Amino acid sequence: MDATNPLGDFLRARREQTRPEDVGLGPGVGLRRVPGLRREEVAMLAGISADYYLRLEQGRERHPSVQVLDALAGVLRLDPEATAYMIGLSRARSRRAARSAAERVPASILHLLRQLSMPAFVQNRYLDILASNPMARALSPNLAPGANRLRAVFLDEAERELFRDWRQAMQSVVGQMRADSGGATDDPRLTALVGELSLKSDCFRQLWARHEVRRREGIVSRLHHPEVGDLDLYCDKLAVAGADGQLLVIYHAEPGTESARSLALLGSIAASSADDVPDSLRPGDPARGLTEGRA
């Protein structure tokens, strides 16, 4: 991932996705050589000079005021999440090396995972799985600790088959990754992951280049499990207090639906393998029935 001009790259990608009719402009004179707005149109609508906007896209101006960014957000029709992401791209960041300490899931969250009778797991900002319960692993082997959700959905054909609307699910997960990054495009772990997937997956490279930012909570995931069939599951993500960037992700079905019955059947499958606990998790361990990884 090129982190040398993140704000300019973001503005260019979003400008190309904004149609003239979206902002009340007609087709204009002559043929358009760009799929979306022209630079001078963005500048005019935002109330800034065309030269200043050009400097923003080229990376010659990297720290515009919040007022300018708010004006650009309005022109480019950005939602609050995308606006916050754009503002984050323009802010200076610490150059200190990131801590390399392993991420630990709080013991209270491990207790909670044990108690939940629905698929649940903890992921970090890079979508690494840090801990999961048997129901999550019964839903997908790629929800086991040590797996990475981005690698799984883009590089594992079996994981793709889990999603009935795979393309839409991939747009969502890539947008979530951008939202969770908070604009920290110079993060070395994020850069390495994006670089790896850009080389290995054309689909990922195209979606990442769109610079879409999404944090969609409470969405319905339309899945197809090889043993229990179709599942329409709510997917809720809850921030883990005191653990920077960790999210508790829970899949659950609406009571009384066919998906709820199928999820109960999946619970029976998970229970049949509940005795397969790593040696490191002793019978008295609060995480019994769980596995936990290290990032």
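Residues numbered from 1 in each chain as written. Predicted model: local features only at pLDDT ≥ 70, side-chain atom pairs only at ≥ 80, totals over all residues. Heavy atoms only, no water.

1. A short note on the overall build of the protein
Note the threshold: Helix and strand labels come from DSSP, where a helix needs a run of H or I of at least four residues and a strand needs a run of E of at least two; each type is numbered from the N terminus. Only protein chains enter the accessibility calculation, which uses a 1.4 Å probe; a residue is then buried when its area is under 20% of its type maximum, exposed when over 50%, and partly exposed in between. Any two residues whose heavy atoms approach within 4.5 Å at even a single point are treated as in contact. Here the Shrake-Rupley method, with its probe set to 1.4 Å, supplies the accessible areas, and only the displayed protein chains count as covering residues.
When helices and strands are tallied, the protein shows 13 helices and six strands. Among the 295 residues that make up the protein, the fraction classed as buried is 46%. Within the protein, residue pairs in contact and separated by at least 24 positions form 57% of the contacts whose partners lie at least 6 positions apart. As displayed, the protein has an accessible area near 14,800 Å², and 51% of this comes from carbon and sulfur atoms.

2. Some thoughts on the nonpolar core
Under the convention used in this document: The term nonpolar core refers to a set of buried residues drawn from Ala, Val, Leu, Ile, Met, Phe, Trp, Tyr and Cys, joined through side-chain atoms within 4.5 Å.
Within the largest apolar cluster, 42 residues are counted, with the highest numbers of intra-cluster contacts made by Leu150, Phe154, Phe163, Met170, Val173, Val174 and Phe204. By residue number, the principal contributor to this core is helix 10 (residues 166-181), which donates six residues. Ignoring anything within four residues of it in the chain, the contact list for Phe204 reads Leu150, Phe154, Val174, Val194, Leu197 and Ser198.

3. Digging into the pattern of salt bridges
For side chains of opposite charge, pairing can occur when their charged atoms come near one another. Heads up, the condition is: Put simply, a salt bridge is a Lys or Arg side-chain nitrogen that is within 4 Å of an Asp or Glu carboxyl oxygen.
For the structure shown, the criterion picks out 16 salt bridges. For Arg38, the salt bridge is made with Glu41, and the minimal N-O distance between the two is 3.4 Å. By the burial criterion, Arg38 is buried, and Glu41 matches it. For Arg210, the salt bridge goes to Glu212, with nearest N and O atoms at 3.0 Å. Under the relative-accessibility criterion, Arg210 is labelled partly exposed at 34%.

4. Here's the deal with the side chain of Ser221
Position of Ser221 relative to the elements: it lies in strand 3 (residues 219-225). For Ser221, a relative accessible area of 10% corresponds to the buried category. Apart from residues lying up to four places away in sequence, Ser221 is in contact with Leu231, Asp232, Leu233, Cys235 and Tyr251.

5. Let's talk about helix 2 (residues 39-46)
Since there are 3.6 residues in each turn of an α-helix, residues three or four apart along the chain are aligned in direction. Restricting attention to buried positions, one finds in helix 2 the residues Glu41, Val42, Ala43 and Ala46. Contacts from the buried residues of helix 2 go to helix 1 (6-16), helix 3 (50-58) and helix 4 (66-75). Following helix 2 by one or two positions, Gly47 has its phi on the positive side, about 75 degrees.

6. A closer look at helix 1
Burial analysis of helix 1 places eight of its eleven residues in the buried class, the great majority of the element. Of all the residues in helix 1, the buried ones are Pro6, Leu7, Gly8, Phe10, Leu11, Ala13, Arg14 and Arg15. Elements that come into contact with the buried residues of helix 1 comprise helix 2, helix 3, helix 4, helix 5 (80-89) and helix 12 (202-209).

7. As for the confidence of the model for the protein
What counts, and what does not: Every residue carries a pLDDT, the predictor's confidence in it, which falls somewhere between 0 and 100.
Looking at the protein, the pLDDT average stands at 84 and 82% of residues meet or exceed 70. pLDDT under 50 marks residues 94-100. Its contacts with residues more than four places away, or in other chains, come to one contact. Between residues 277-288, whose pLDDT stays under 50, and residues either more than four places distant or in other chains, the model counts 15 contacts.

8. Digging into empty space enclosed by the protein
Here is the rule we go by: Every definition here rests on a 1 Å grid over the protein atoms only: cavities are sets of points where a 1.4 Å probe fits but cannot get out, pockets are open sets enclosed by protein on both sides within 12 Å along at least five of seven lines, and lining residues have some atom within 4 Å of a point. Grid points are joined across faces, edges and corners, and a volume is the space filled by probe spheres set on the points. Classification used: nonpolar for Ala, Val, Leu, Ile, Met, Phe, Trp, Tyr, Cys and Pro, charged for Asp, Glu, Lys and Arg, polar for all others including Gly.
A complete count under the given rule lists three cavities of 30 Å³ or more for this structure. Considering the residues around the largest cavity, the lining is formed by Leu139, Ser140, Leu143, Arg149, Glu159, Leu162, Phe163, Leu223 and Tyr251. For the lining of the largest cavity, the per-class residue count stands at six nonpolar, one polar and two charged.

9. What to know about the side chain of Arg149
Worth spelling out the cut-off: In summary, the charge assignment counts Lys and Arg as positive and Asp and Glu as negative, without counting His or the chain termini.
Tracing the sequence through the fold places Arg149 in helix 8 (residues 149-155). For the buried residue Arg149, which engages in no salt bridge, the nearest side chain bearing the opposite charge is Glu159, 6.3 Å off.

10. Remarks on the environment of Ala138
Looking at the secondary structure, you find Ala138 in helix 7 (residues 134-139). A C-alpha to C-alpha distance of 5.5 Å links Ala138 and Ala270, two positions 132 residues apart in sequence. Setting aside residues up to four positions removed in sequence, Ala138 forms contacts with His225, Leu266 and Ala270.

11. Points about the pairing of strand 4 (residues 229-239)
What counts, and what does not: Pairing between strands requires that DSSP locate at least two bridges from one strand to the other.
Across seven bridges, strand 3 lies against strand 4 in antiparallel orientation. Following the sheet pairing, Leu223 is matched in strand 4 by Leu231. With antiparallel pairing between neighbouring strands as the criterion, strand 3 and strand 4 make up a hairpin whose turn holds three residues. Relative to strand 5 (residues 247-252), strand 4 runs antiparallel, the two being bridged by six bridges. Bridge pairing in strand 5 links Lys237 to Val249.

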